[in-house]
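# Chains, contacts and geometry: an overview
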Amino acid sequence: MLLLPVNTVQTQMQTRGLGALTTLAGNFSGGGLAGIRALYRAILPTIGMLGARQGLKFGTGSQIKQRLPWHWPEMLKDAIAGASSACLSTTLLFPLDTVKTRYQMNMSTPNIVEMYRGFQPAVLYSAFGMGLWVVSRNGLERTLTTERTGLEGHSKHLITGGLAGVLVQVPTFPFDTLKKRLQA
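Heads up: these notes are all about the structure in this document.

Criteria and cut-off values
Residues numbered from 1 in each chain as written. Predicted model: local features only at pLDDT ≥ 70, side-chain atom pairs only at ≥ 80, totals over all residues. Heavy atoms only, no water. Helix = DSSP H or I, 4+ residues; strand = E, 2+ residues; numbered from the N terminus. Buried < 20%, exposed > 50% of the residue type's maximum accessible area, 1.4 Å probe, protein only. Contact = heavy atoms within 4.5 Å. Patch = residues over 30% accessible without salt bridge, like charges linked within 9 Å, V, L, I, M, F, W, Y side chains within 5 Å. Areas by Shrake-Rupley, 256 points an atom, 1.4 Å probe, with all protein chains shown as cover. Salt bridge = Lys/Arg side-chain N within 4 Å of Asp/Glu carboxyl O. 1 Å grid on protein atoms, 1.4 Å probe; cavity = no way out; pocket = protein on both sides within 12 Å on 5 of 7 lines; lining within 4 Å. Points joined across faces, edges and corners; volume = space filled by probe spheres on them. Nonpolar A, V, L, I, M, F, W, Y, C, P; charged D, E, K, R; others polar. Core = buried A, V, L, I, M, F, W, Y, C linked by side-chain atoms within 4.5 Å.

### Considerations on the overall build of the chain
- Helix and strand counts for the chain come out as 8 helices and 0 strands.
- Going residue by residue from the N terminus, the α and β elements of the chain occur as α-α-α-α-α-α-α-α.
- Projected onto the principal axes, the alpha-carbon positions of the chain cover approximately 55 × 40 × 25 Å.
- Considering the chain as a whole, with its 184 residues, one finds that 38% of them fall into the buried category.
- Long-range pairs, those at least 24 residues apart, make up 72% of the contacts in the chain between residues at least 6 apart in sequence.

Spelled out as C-alpha cells, the structure:
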C-alpha cells in the first residue's frame, strides 16, 4: 500500500497527459493533508482488488499449467497459464479497477454502464503482460543459476521477478494508459 501514491500519480499522469511535478502540485494545491488524502483516496478498492487479483492470477495460473499437456514446451505452458489466469482475474475484478481509477482521478463512483469501459485494453495488458512476465521470470530463473551468478533463494527471486517486471512494462504500458483513459 505504500506504492498507492505512486500509482495514483501514474494514473493521473496517464489520463491527463501531465508531468509528475505538475500532477503532484495539483494534488497538494489545497495543502499537505489534502494532498495526502488525494493520493490515498482509492485505498479501499485497491486493497480489495490487489489482494484478490494476485491470489487469482497465481492460484489459477498454477492450476491451469498443471492441466496442460505434459509434452508441451515449458515456455508455452508458462505463457498460456499466465495469460489465462490474467484474463480470468481481469474479467472478475475489472469493476474494482474502474472504481480505483475513478477515485484516483477524484471522480464519482462509476455507474453500471461505465464499469467495463476500457476492458479490452485491460485484458490485452493483463494477459500479454502476465504471460510475458511468467515466461521471462521462469526463463531468468533457469538461466541465472546459482553457479553462474552466486544468487540463490529470495535474492534470486527478487532479481528475476524485478527484471521480468521491467521487461514487461515496456511493451504493455500503452495498453494500461489506454485502459485508464477509457475508465476515466
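### What about a nonpolar patch on the surface?
- A contiguous nonpolar patch, built from Leu-21, Leu-24, Phe-28, Ile-36 and Tyr-40 and spanning about 460 Å² of accessible area, is present on the exposed surface.
- For Leu-24, the location among the structural elements is in helix α2 (residues 20–27).

### What about the pattern of salt bridges?
- Per the stated rule, a full pass over the model turns up 11 salt bridges.
- Between Arg-137 and Glu-141 there is a salt bridge, with its nearest N and O atoms 3.4 Å apart. Pair noted here: Arg-137 and Glu-141 are both in helix α6 (residues 119–143), with a separation of 4 residues, about one helical turn.
- We classify Glu-141 as buried; its relative accessible area is 14%.
- Of the charged contacts, one joins Asp-176 and Lys-179 as a salt bridge, the two residues approaching to 3.9 Å between their closest N and O atoms. One end of the pair is Asp-176 and the other is Lys-179, both in helix α8 (residues 153–183) and 3 residues apart, which spans about a single turn. Like Lys-179, Asp-176 is buried.
- Ionic contacts of the salt-bridge type, sharing partners, join the residues Lys-65, Glu-74, Lys-77, Asp-78 and Arg-142 into one network.

### Some words on the side chain of Thr-23
- Its location among the elements puts Thr-23 in helix α2.
- Judged by relative accessible area, Thr-23 falls into the buried class, the value being 3%.
- In contact with Thr-23, other than residues within four places in its own chain, are Val-9, Gln-12, Met-13 and Leu-18.

### Regarding the layout of surface pockets
- Estimates place the volume of the largest pocket at around 1000 Å³.
- If you trace the largest pocket, you find 32 residues lining it, with Leu-50, Arg-53, Lys-57, Tyr-125 and Gln-169 closest to the centre.
- Looking at the lining of the largest pocket, the elements with two or more residues in it are α1 (4–16), α4 (43–67), α5 (74–104), α6 and α8.
- A class-by-class count of the residues in the lining of the largest pocket yields 14 nonpolar, 11 polar and 7 charged.
- Taken together, 14 residues line the second largest pocket, and the ones lying closest to its centre are Phe-58, Gly-61, Ser-62, Val-134 and Asn-138.
- Of all the secondary-structure elements, those providing two or more residues to the lining of the second largest pocket are α4, α5 and α6.

### Here's the deal with the nonpolar core
- Of all hydrophobic cores here, the largest spans 6 residues; its members are Ala-86, Met-130, Trp-133, Val-134, Ala-164 and Val-168.
- Elements supplying a minimum of two residues to this core: α6 and α8.
- With 3 residues, the single largest contributor to this core is α6.
- What Met-130 contacts, discounting residues up to four positions off in sequence, is Lys-57, Phe-58, Gly-82, Ser-85, Ala-86 and Tyr-125.

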